[in-house]
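# Observations on chain architecture
Residues per chain, in single letters:
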Amino acid sequence: MKKKDSVFREIWKNKAVYMIMLPGIAWFVIFAYGPMSGLQLAFKEYSAKLGIWGSPWCGLENFTYVFRDPSFLRSVGTTLWINAGRLLFQFPVPILLALLFNELRLKRYKKVVQTVLTFPQFLSWVIVASIVINILSYDGLVNSIIAAFGGETINFMGSARMFQPLLYITEGWKSAGWGAIIYMAAISGIDVDQYEAADLDGASRLQKIFRITIPNILPTISVMFVLQMGNLMSGGFDQVFNLSNPAVKDVSEILDMYIYNISFGSTPDFGFSTAVSLFRSVVNCAFLVVADRGAKALGGSGLFA
């Protein structure tokens, strides 16, 4: 009882802080935790007439159908393959960009470049995909230049081999500048005395990057890597949905696209799609915990105590 009273006293003591937090907490309760009641659909045979609460329970039947579907297993493999590439090719890009920004000495030029590289983050994938299609389509800019020089046009958007690199390039262009802000904030918190001491010792700029900058931002890199691992089963639906087409379906049907197709296809099955979504969330949570424990085992900082 005393412990509970002390908690309430602390809340009352810091009531101004909790009042500021209240809108954010309310948003999460209403839009994040409230809809979680719909997860019961994964264990029900959904009927639009009876609604979510009135539909009959079917136990694990939906999950049985999920793991029997070859398309589901193929979409899981595609998702993991694409996201493994994201970790390998995309994750380091914002870090490298932040390190390059930190080495720029012309402040005005630095601000201009940072603004230019951050701006694409505010464009929707509908706009980005439209730009990409207009540039790479059969009658787009690139093929028009190739044809003007007498070359043979290339089917960029319909090539299964080019689809995955296209995802990485467009995602890097769109989000690298925005992601670099987090690492630049971490770099700005490094004690300047370390750099001054390195200058006195005659360290080069490259040595200062590897001996001072990178070791100091490793905790931030560790946290961002753990968060990225928590999304390993989420393949970036907006990007894939807007850039894919029937010609590349075999390499573009990630788990999110699979859920979309079975939810809004000709014969939607909301119980089945909810079971797939629940499976994806559980696996993402498992990856998050494993990555967190791995980061701590390697001496980094994690998300959980």
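Residues numbered from 1 in each chain as written. Predicted model: local features only at pLDDT ≥ 70, side-chain atom pairs only at ≥ 80, totals over all residues. Heavy atoms only, no water.

Moving on, we get to the overall build of the protein. Per the secondary structure count, the protein includes 16 helices and 0 strands. What you see for the protein is a C-alpha radius of gyration of 24 Å, clearly larger than the 19 Å of a compact globule of 305 residues, by over 25%. In terms of its C-alpha atoms, the protein occupies a principal-axis envelope of roughly 85 × 75 × 35 Å. Burial statistics for the protein: of 305 residues in total, 35% are counted as buried. If you take every contact in the protein between residues at least 6 apart in sequence, the share linking residues at least 24 apart comes to 64%. Surface accessibility of the protein: about 18,900 Å² in total, with carbon and sulfur atoms responsible for 68%. (Helix = DSSP H or I, 4+ residues; strand = E, 2+ residues; numbered from the N terminus. Rg over C-alpha atoms; globule rule 2.2 N^0.38 Å. Buried < 20%, exposed > 50% of the residue type's maximum accessible area, 1.4 Å probe, protein only. Contact = heavy atoms within 4.5 Å. Areas by Shrake-Rupley, 256 points an atom, 1.4 Å probe, with all protein chains shown as cover.)

Time to look at the pattern of salt bridges. According to the stated counting rule, one finds 5 salt bridges in the structure shown. Across the salt bridge formed by Arg205 and Glu103, the nearest N and O atoms sit 3.0 Å from each other. Of this pair, Arg205 sits in helix H12 (residues 205-229) while Glu103 sits in helix H6 (residues 92-103), and the two are 102 residues apart along the sequence. A relative accessible area of 42% places Arg205 in the partly exposed class. With its nearest N and O atoms 2.8 Å apart, the salt bridge here joins Asp199 to Lys208. (Salt bridge = Lys/Arg side-chain N within 4 Å of Asp/Glu carboxyl O.)

Their axes nearest at 4 Å, the elements helix H8 (residues 125-136) and helix H9 (residues 141-148) cross at an angle of 10°. On the basis of their axis angle, the class for H8 and H9 is roughly parallel. For the pair H8 and H9, the contacting residues are Asn134, Ile135 and Leu136 in the first and Leu141, Val142 and Asn143 in the second. Residues that form the contact of H8 with H9 fall into these classes: 4 nonpolar, 2 polar and no charged. (Axes fitted to C-alpha atoms, helices over the stretch in contact; angles between N-to-C directions. Parallel < 35°, antiparallel > 145°, perpendicular 65-115°, else oblique. Nonpolar A, V, L, I, M, F, W, Y, C, P; charged D, E, K, R; others polar.)

Once that is clear, we can look at the packing of H6 against H12. Helix-helix packing: each pair is described by the crossing angle between the helix axes and the interaxial distance. Close contact between H6 and H12 brings their axes to 11 Å; oriented N to C, the two are set at 130°. Here H6 is positioned oblique relative to H12, judged by the angle of their axes. When the axes of H6 and H12 are compared, the crossing they make is right-handed. Contacts between H6 and H12 involve Ile95, Leu99, Asn102 and Glu103 from the first element and Arg205, Ile209, Thr213, Ile214, Ile217 and Ile221 from the second. Counted by class, the contact of H6 with H12 contains 6 nonpolar, 2 polar and 2 charged residues. (Left-handed = near helix turned anticlockwise from the far one by under 90°.)

Let's shift gears to the environment of Gly230. For Gly230, the position within the fold is in the loop between H12 and helix H13 (237-243). You can call Gly230 buried: its relative accessible area is 13%. Sequence separation between Gly230 and Leu60 is 170 residues; the distance between their C-alpha atoms is 25 Å. If we skip the residues at most four places from it in the chain, Gly230 touches Asn284 and Leu288.

This part is about the environment of Arg105. Within the fold, Arg105 resides in the loop between H6 and helix H7 (107-118). The exposure class of Arg105 is exposed, given its relative accessible area of 56%. Spatially, the C-alpha atoms of Arg105 and Asn143 are 39 Å apart, while their sequence positions differ by 38 residues. In terms of polar contacts, Arg105 uses its side chain to reach the backbone carbonyl oxygen of Asn102, at 3.1 Å. Within the local environment of Arg105, its side chain forms a polar contact with the backbone oxygen of Glu103, the two atoms lying 3.3 Å apart. (Polar contact = N/O pair within 3.5 Å; in protein donor to acceptor, adjacent residues only side chain to side chain.)

Our focus in this paragraph is the packing of aromatic side chains. Under the counting rule described, the total for this entry stands at 15 aromatic pairs. Residues Phe43 and Phe63 carry aromatic rings whose centres are separated by 5.4 Å and whose planes lie at 40° to one another, so their mutual orientation is tilted. In this pair, Phe43 is assigned in the loop between helix H2 (15-33) and helix H3 (51-54) and Phe63 in helix H4 (residues 61-68), connecting sequence segments 20 residues apart. Relative accessible area serves as the criterion here: at 27%, Phe43 is assigned to the partly exposed category. A relative accessible area of 15% means that Phe63 is categorised as buried. Measuring from ring centre to ring centre gives 5.7 Å for Phe89 and Tyr168, while their planes differ by 35°; the resulting arrangement is tilted. (Phe/Tyr/Trp six-rings, centres within 6.5 Å; stacked < 30°, edge-to-face > 60°.)

With that settled, consider the nonpolar core. Counting 19 residues, the largest nonpolar core has Ile95 and Ile217 as the members making the most contacts within it. When contributions to this core are tallied by element, the ones reaching two or more residues are H6, helix H10 (160-188), helix H11 (192-200) and H12. A per-element tally of this core places H10 first, with 6 residues. When sequence neighbours within four positions are dropped, the list of residues in contact with Ile95 reads Tyr183, Ile217 and Ile221. Counting 18 residues, the second largest nonpolar core, distinct from the first, contains Leu123, Val128, Leu136 and Leu243. (Core = buried A, V, L, I, M, F, W, Y, C linked by side-chain atoms within 4.5 Å.)

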